[in-house]
Amino acid sequence: MKRVKIHDVLAADAALGEIVVKGWVRTKRDSKGFSFLEINDGSCLKNVQVVIDHTPEIVAELDKITTGASVRIDGTMVESPGKGQKWEVRASTIRLLGAADAETFPLQKKRHSDEFLRGIAHLRPRTNKYGAIFRIRSEAAQAVHSFFHERGFRYVHTPILTGSDCEGAGEMFRVTTLEPGERNIEEDFFGKRTALTVSGQLEAELMALALGDVYTFGPTFRAENSNTPRHVAEFWMIEPEMAFADLEDNIELAESMTKSVIGKVLDACADDVELFAKFVDKQLMPTLDNIMQNEFVRLPYREAVDILRKTKKKFEYPVEFGTDLQTEHERFLSEEKFKRPVVVYDYPKSIKPFYMRCNDDNETVAAMDVLVPRIGELIGGSQREERLDVLQERMAEMELSEEEYWWYLDTRRFGSVPHAGFGMGFERLLMLITGVTNIRDVIAFPRTPRHLEF
Ligand code: 4AD
Ligand code: MG
């Protein structure tokens, strides 16, 4: 007999006859002469209801089956007389595959706190909420790939082990091949300084300057000791890079991509998203509709500073030209002032990395950040400095060694072109789509100073 996933059982147009269903028991209810089981196999949010008549053999098997156990059900798919589901399974046999001790199984049928579930990251995907998050996560990743594929972007793989600190923020995890006692921090990877990448951008630029439009989508690492609900040490970043493109093209791409991925997830994961709209954030659907239906606001950094200085609202950090905007400012702009995503651009060059293109005022660079309600910075990007002499000057100012970046400079020596790109934090996008407020809850195994169990 054919095993059918629960998603396909529940979505079927006609009964599929005799089927096998496998999954984990969410609940078991015994009545006189028969029992009801709710089974989930992760293929969708909903459980399939199984009804089984009691025989001495079945009662003996049912006795061993508790919440959390894995089972195999053989039975017939029939129309459900009950409310809320079209189909159910009338079981002929039921077999326990893996027991779950009722005394010690941590996921009981009640609402557990996120904090508690973070402590059992190995089991939390079996709850409704986390199952939904990880299905949405998978669908969002697919949506990212489709978006770029449809636009003719090539998917390139940039290295995770690297020697260069793209962002220049000194937040790299060093990699060593040596035993702890022999550790030589300057030459630790076969004689070279090596670290985990903070961004695939520099290598993506090299690829863009050959293939045209490219993107990377992979894990990136930041050794920042920040315990905020928006930072993790390991996160996934989507980084497109376009040759023959400027800041305006970059902003257009960021807006289209954000909307496209949200739209695809809303279509593909309607049930899962609804769970968040009901139980996590009552404002989720209005927030997402608002993002989908309106143009992102475009706001020069100077004007953003004016707005922040003029508002009556008191911030913890005061703002003036040259201030790196804090989350409180970013959220104010997108959440309170404009009530939709805001693209702030032309930031002061003093607070931005070496690779951003210098504007004619010589004070600002062609940088852009996309700020969204509840989260703040979702995307950071820029047009890149394509002029060799200007780039060299900037690197000298920032005391970066030309020898170390000779390969990067080569692309400006040979056939340089205007180009632009950005990085979107994938987990922050998932926070936006689900309304989840802690980044640790949208990545299966969060890496933070406090979470590194396995
Ligand atoms: O603004 P960032 O640091 O930009 C870059 O790394 C560029 N090189 C990207 C590029 O132009 N290709 O990071 C980009 C995005 C941020 O906007 C944020 O969404 C996310 O990455 N991000 C983090 N997400 C989770 N935890 C952290 N510690 C993050 N740091 C950045
Ligand atoms: Mg940034």
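What counts and what doesn't
- Residues numbered from 1 in each chain as written.
- Chains lettered and ligands numbered in written order.
- Predicted model: local features only at pLDDT ≥ 70, side-chain atom pairs only at ≥ 80, totals over all residues.
- UniProt positions renumbered as here; feature names shortened; annotations may be inferred.
- Pairing = 2+ DSSP bridges.
- Helix = DSSP H or I, 4+ residues; strand = E, 2+ residues; numbered from the N terminus.
- Contact = placed C-beta atoms within 7 Å.
- Axes fitted to C-alpha atoms, helices over the stretch in contact; angles between N-to-C directions.
- Parallel < 35°, antiparallel > 145°, perpendicular 65-115°, else oblique.
- Nonpolar A, V, L, I, M, F, W, Y, C, P; charged D, E, K, R; others polar.
- Buried ≥ 20, exposed ≤ 12 C-beta atoms within 10 Å, placed from the backbone.
- pLDDT = per-residue confidence, 0-100.
- Domains from an automatic or database assignment.
- Left-handed = near helix turned anticlockwise from the far one by under 90°.
- Near = placed C-beta within 6 Å.

In the annotation of an unreviewed UniProt entry, the chain is listed under the name Asparagine--tRNA ligase and assigned to Paucidesulfovibrio gracilis DSM 16080. Taken directly from UniProt, the Subcellular location (unreviewed entry) text for the chain runs: "Cytoplasm".

### Description of the sheet that holds strand β9 (residues 213-221)
Reading across the sheet, the eight strands line up as β6-β9-β10-β15-β14-β13-β12-β11 and stay open at both edges, with mixed pairing between neighbours. Edge positions in the sheet fall to β6 (154-155) and β11 (297-300), since each of these pairs with one other strand and no more. Looking at chain direction, β9 and strand β10 (residues 234-243) are connected through nine bridges and run antiparallel. Bridge pairing links Asp213 to Met242 in β10. Strand contacts of helix α6 (residues 247-268): β10, β11, β12 (342-348), β13 (364-372), β14 (376-383) and β15 (419-425), with the helix running at about 30° to β15, the strand carrying the most contacts.

### Concerning the packing of helix α9 (residues 301-310) against helix α10 (residues 327-337)
Look at α9 against α10: their axes get within 11 Å of each other, and the N-to-C directions meet at 85°. It follows from the interaxial angle that α9 and α10 lie roughly perpendicular. Seen from α9, the contacting residues are Ala304, Ile307 and Leu308; seen from α10, they are His329, Phe332, Leu333 and Lys337. Per-class residue counts for the contact of α9 with α10 are five nonpolar, one polar and one charged.

### Some points on helix α13 (residues 426-434)
Among the nine residues that make up α13, nine are buried, leaving the element largely enclosed by the rest of the structure. Along α13, the residues that are buried comprise Phe426, Glu427, Arg428, Leu429, Leu430, Met431, Leu432, Ile433 and Thr434. Note on α13: the residue one or two positions beyond its end, Gly435, has a positive phi of about 80°.

### Some points on the confidence of the model for the chain
Across the chain, the average pLDDT comes to 94, with 96% of residues at 70 or higher. For this predicted complex, the interface confidence score (ipTM) comes to 0.99, while the overall pTM stands at 0.96.

### A short note on the domain arrangement of the chain
Taken domain by domain, the chain comprises domain 1 (6-109) and domain 2 (124-441). Inter-centroid distance (C-alpha atoms) of domain 1 to domain 2 is 44 Å. The interface of domain 1 with domain 2 comprises six residues on the first partner and eight residues on the second. Classifying every residue of the side of domain 1 that touches domain 2 by side-chain character gives four nonpolar, one polar and one charged.

### A short note on the packing of helix α4 (residues 128-150) against helix α7 (residues 270-279)
Any two packed helices are characterised by how steeply their axes cross, that is the angle between the axes, and by the distance between the axes. Remark: α4 packs on α7, axes separated minimally by 9 Å, with the N-to-C direction vectors making an angle of 130°. Judged by the inter-axis angle, α4 sits oblique to α7. When the axes of α4 and α7 are compared, the crossing they make is left-handed. Contacts between α4 and α7 pair Asn128, Lys129, Ala132, Arg135 and Ile136 from the former with Asp272, Val273 and Leu275 from the latter. The residue makeup of the contact of α4 with α7, split by class, is four nonpolar, one polar and three charged.

### Here we look at the site of ligand 1
Taken together, 24 residues lie near ligand 1, and Ser199, Gln201, Gly380, Gly423 and Gly425 sit nearest. Of all the secondary structure elements, the ones that give two or more residues to the shell around ligand 1 are β10, β14, β15 and α13. Counted by class, the shell around ligand 1 contains nine nonpolar, eight polar and seven charged residues.

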